[in-house]
Structure formats: structure tokens, C-alpha cells
Amino acid sequence: MCLYSLLAGAAAGHHRFPDGFKFGVATAAYQIEGSWNVSDKSPSMWDDWTQQNPHLIPDGSTAEVACDSYNRWEEDIRMLKDLGVDYYRFSISWPRLLPTGLPNQISQDGVRYYNTLINALLQNGIQPYVTIYHWDMPRRIYNMGGWQNPLMITWFGDLARVMFSLFGDRVKTWLTINEPLLVCDVSSQGWGPGKKDTEIGLHLCTRHVLLAHARAYEIYGEFREQQKGRLSIANQFMWYEPEGPGDEEITELVLQYMNGRHAHPIFSKEGGWPPAVERHVAKSSRDAGYGLSRLPPFSEEEIEYIRGSFDFLAFNHYTSQTVRAARPGEPVGGDAFFDVPELRARTQGRPGWPAAENGWLYVYPEGLRKILGWLKQNYGDIDIIITENGYSTSVRSLQDDDRLHYYREYLKQLLLAIEEDGVNVVAYTAWSLMDNFEWTDGYTSKFGIYDVDFSDPERRRRPKKSALFYREVIRTRSLDVPDPHIKDEL
Ligand code: PNW
């Protein structure tokens, strides 16, 4: 760093984001749109599951209306404009765009909705970042086995092609699949509409997700020259650290299993499954009498096909956990968000880390800097976009000091990673623009920087303190901003 920039940094309190750094907020179609059965839209697996299992959701709710963004997208644009974000990350609902799940029928109303949204964003100077798959799979595809069916590679490729050809003239940043870890591992433990199979189905899913992502990357090659966009996958990476001395080795294996399994095939120089994970599952499969490893090996061709299928690295980050090996006979894996049964590893939040009320989110801001360092060390100097980061509360209030604190501290660590560790983070996304349907938690877990009144037919949205804070961060491109005051209460 030259003397001039050192001085400039010092003058600004050293909390400035680099030139060209982008800020955004994120949502997902199923969590905000509502209008689950309008026009020719078909039901998704989450429509079916929430309607059939109200007893498994604390408030018995569904996302039939949610934030009503299908009708209230103009209010969403106004909020985005007010925040001053550079981009908005949202997802396109597969069953709204392709009601049969396949490209034989393209919904004109679906196309119109997303065209209107994309055009309005651009007219307001906000770039659309689009997630192709954020979990709302059409019922028909789900009934054919979803991600456990190898034809998903073709079906997903077809979906991506439709999106590139319809929207790619204006959408320049694509994320193929949101969080393979949740789509495969957590779902296979019976979370939400997941198909419970932690031994075989889980790894088939991961394999097909990676191949489907690579298929979308390949298809984007047909559009790349004309559209000049970029594409990656949105992984979920936690930071894991040893619970105590002696837990280092199992911790590194957990990092490779939980993060590397979805990253090594794409981002490493050599491609393929992380070697330590591949060896581990191959051995445990052999010991259990399986013919083929439960983590099915990739062919040389498949390794090459997936390797390098990215233009940047994207990940969602919320929290960290500690790791230790389970003691003989100790049960592992009672909770889908903790433990790694495959490795007989116990994982949990460290006592002393403040915990959000949703049960899995521990606040450990240093974890963000550490996972960024781990990614750089494992995969080199790749441009990184943080595609989600945020904090959950359960009580409605505009005075969300906990959330504001979370953002301030995580952003501080992000800056340290950029400045001290030389990690190439180019964009940061807050989850979420507004309170929304938080999957199996219904509306009881709130991640929004805007409050939404779900008892109001108008779904009134109001900025929380954290929204005013984020707006100032974006405006000044720095963290040297005071905590805002907010007079309003609900
Ligand atoms: C993500 N964890 O899910 C999803 O991408 C969003 O749709 C969701 O609303 C948001 O994070 C908040 O939950 C996650 O246990 C679920 O670390 C669980 C974890 C992380 C992300």
C-alpha cells in the first residue's frame, strides 16, 4: 500500500470500502412474491409442503401471500432506491416461468412480471442479480425425484437457457443454485420438503447439483459473447473452528466436507471432490459393504466439465460453529443445522457467542474474515461476492440494534479481510431487504432491514434502524457512520 493511500485511509478512519465495491440486498421469489396460484403458475414443492404441514411451521403459515411482491414490486423498488443499493439479488420462480417445469410452455404472465421488475430496476440504476434456483421447484419435477434424478442436469440447463434468452440482454450477474448444502444435506435430513436419505440421496443430489451448475455454465457460453455477463453458484459457507486443542484435524475435515464438497469441484485447480472427503466416504462405504462409494466418484470427463465453471466465487455467510469428534456411542445429528453425521463430528455455537433467537445463528464476526482467508488459501485469488449475510430477530421492532450491530461488526471484518489479508471481495449483499417467509420458521424469524406487517392486507413496509444504517454505509462507502436515530415505532 502506498503512503498516499495509507494517509487517505487514516483520514477516513480506515473504514472505507475500495473503489468499485458494490452493495446490494437480497430476497428469493418464494419468500416474498405470494400469488402462488395466479394465472398459469403451477405449485412448487414448497407450496405443497407448507399447505400440507402447517403443524411443522411454528405459526402454521404459508407463503400464499407473503410480502405480496408479485403485486407490490413497485414498493420494493422504492425501498431499494431509498437504500441506494447498486444491485438487487432476487430469484425467478421456476413454476411461475415454466408451469410444466419444462420449456414446452413459457408463461407469458411470468415473463411479463420479471421483465417489468428487471426494467424498473434498471430505470432506477439498480443492477439485477438473478438466482436461477432458490428452492421453489415445480411439483412435477419434485415428483420425478428432484435433484436425485440425473435428468435434473438437463431440466436445469433448459431452465437456465430460457432465462438467459429472455432476460440475459439485461441481467449481467447470474447465480445458478442457492446453497447446495441446504438443497442436499439439510433437506436430506428431513428439513422442509426434503427427501430423507442421508446416506445415498444426499450425495446423488450434490453430484447432480454440481453437474447442473456446470451445464448452466456451459449453456451460458452460447450467450456470453453477446451478453457479456458473469455466472457462479451461491454456496452457503460457515466458518468452523476447533472446539478445543486436539480438534484441529476433524475441523479441517468438516470444512472440506461442509464447504469444500461444493467448492473444490468448481474452484480448485485440480477439480473433483476434496480428496480427504472422497477418501473418507469411500472407506466408510467399503466398511459398510456398499459396492460403490456413497459419494459417487466423478469421471475424468466430469471433473473437467465442472472444474472452472465460474466467473467469480459467491457465498452466503451467517454464522460459525465449533467442531469436535463425537465420543464413542454419543449420538450425532439430531438437528439438521448442527453436527456432521457422516464424519461423526459434533458442531455447535461456542458458549459466549451471542445467539439469535432462531436457534442456529451465532454472532461471530471474525468467522467471516476467517472463512474468506480459508477460501483464498484453498482456491486462490478469485473475485468474491458475498451473496447473503444477515441476522434474525423474532419480535417486531424498528429499533433493531442487534441487527445493526451484526452488520457493523461483520462489515468491519470484511474490510479487514480486504485490506489486511488481500482477499478480493468485490460485493456484499445483506439478507434481507424485508421480513419474509423464512421457510420452516414461517414468519416467526425475521431477517429484514425493512419491517413488513403481515397482518395488514397492504403488507406495509417500514425501514428499521438497520436500513438507515446500511443506507449511510452505502452513501458514504464507509463504516465511519454513527448509529442512526429512529423515532418511529410500530
Ligand atoms: C439461507 N445455516 O438459508 C437462504 O438462502 C435464505 O433463503 C434464508 O432466508 C436465509 O439464509 C436465512 O435463513 C440458510 O444454518 C439457512 O447456517 C440456514 C443456514 C444458512 C442459510
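Preceding block: the structure.
Conventions and cut-offs
Residues numbered from 1 in each chain as written. Predicted model: local features only at pLDDT ≥ 70, side-chain atom pairs only at ≥ 80, totals over all residues. Heavy atoms only, no water. Near = heavy atom within 4 Å. Polar contact = N/O pair within 3.5 Å; in protein donor to acceptor, adjacent residues only side chain to side chain. Areas by Shrake-Rupley, 256 points an atom, 1.4 Å probe, with all protein chains shown as cover. Pairing = 2+ DSSP bridges. Helix = DSSP H or I, 4+ residues; strand = E, 2+ residues; numbered from the N terminus. Axes fitted to C-alpha atoms, helices over the stretch in contact; angles between N-to-C directions. Contact = heavy atoms within 4.5 Å. Buried < 20%, exposed > 50% of the residue type's maximum accessible area, 1.4 Å probe, protein only. Expected span 1.5 Å × (residues − 1).

For the ligand, the set of nearby residues contains 18 residues, the closest of which are Gln 31, His 134, Asn 178, Glu 388 and Glu 438. Contact distances for the ligand include 3.1 Å between an oxygen atom and a side-chain N or O atom of Tyr 318. Coverage of the ligand by the protein amounts to 98% of the 450 Å² it exposes when considered alone.

Read around the closed barrel, eight strands run S1-S2-S3-S4-S5-S7-S10-S11, paired in parallel fashion. Mean inter-strand twist for the sheet, computed between neighbouring axes without regard to direction, equals 25°. Pairing between strand S4 (residues 173-178) and strand S5 (residues 230-236): four bridges, direction parallel. Residue pairing across strands places Thr 173 opposite Arg 230, the latter belonging to S5. On the sheet, helix H9 (residues 180-188) packs against strand S3 (127-133), S4 and S5 and is oriented at approximately 35° with respect to S5.

Most of H9 sits inside the fold, with nine of its nine residues counted as buried. Of all the residues in H9, the buried ones are Pro 180, Leu 181, Leu 182, Val 183, Cys 184, Asp 185, Val 186, Ser 187 and Ser 188. Check the buried side of H9 and you find it contacts S3, S4, helix H10 (201-227), S5 and helix H11 (248-267). Remark: Gly 190 follows H9 within two positions and exhibits a positive phi of approximately 95°.

Taking 1.5 Å per residue, 16 residues should reach 22 Å; helix H6 (residues 108-123) reaches 22 Å between its end C-alpha atoms and fits that length. Those residues of H6 not exposed but buried are Gly 110, Val 111, Tyr 113, Tyr 114, Leu 117, Ile 118, Ala 120 and Leu 121. Considering only its buried residues, H6 is in contact with helix H2 (29-32), helix H4 (69-83), strand S2 (87-91), helix H5 (94-97), S3 and helix H8 (152-167). A distance of 3.4 Å separates the backbone nitrogen of Asp 109 from a side-chain oxygen at the start of H6, and that oxygen is part of Ser 107. Directly after H6, the chain includes Gly 125, whose backbone phi takes a positive value near 75°.

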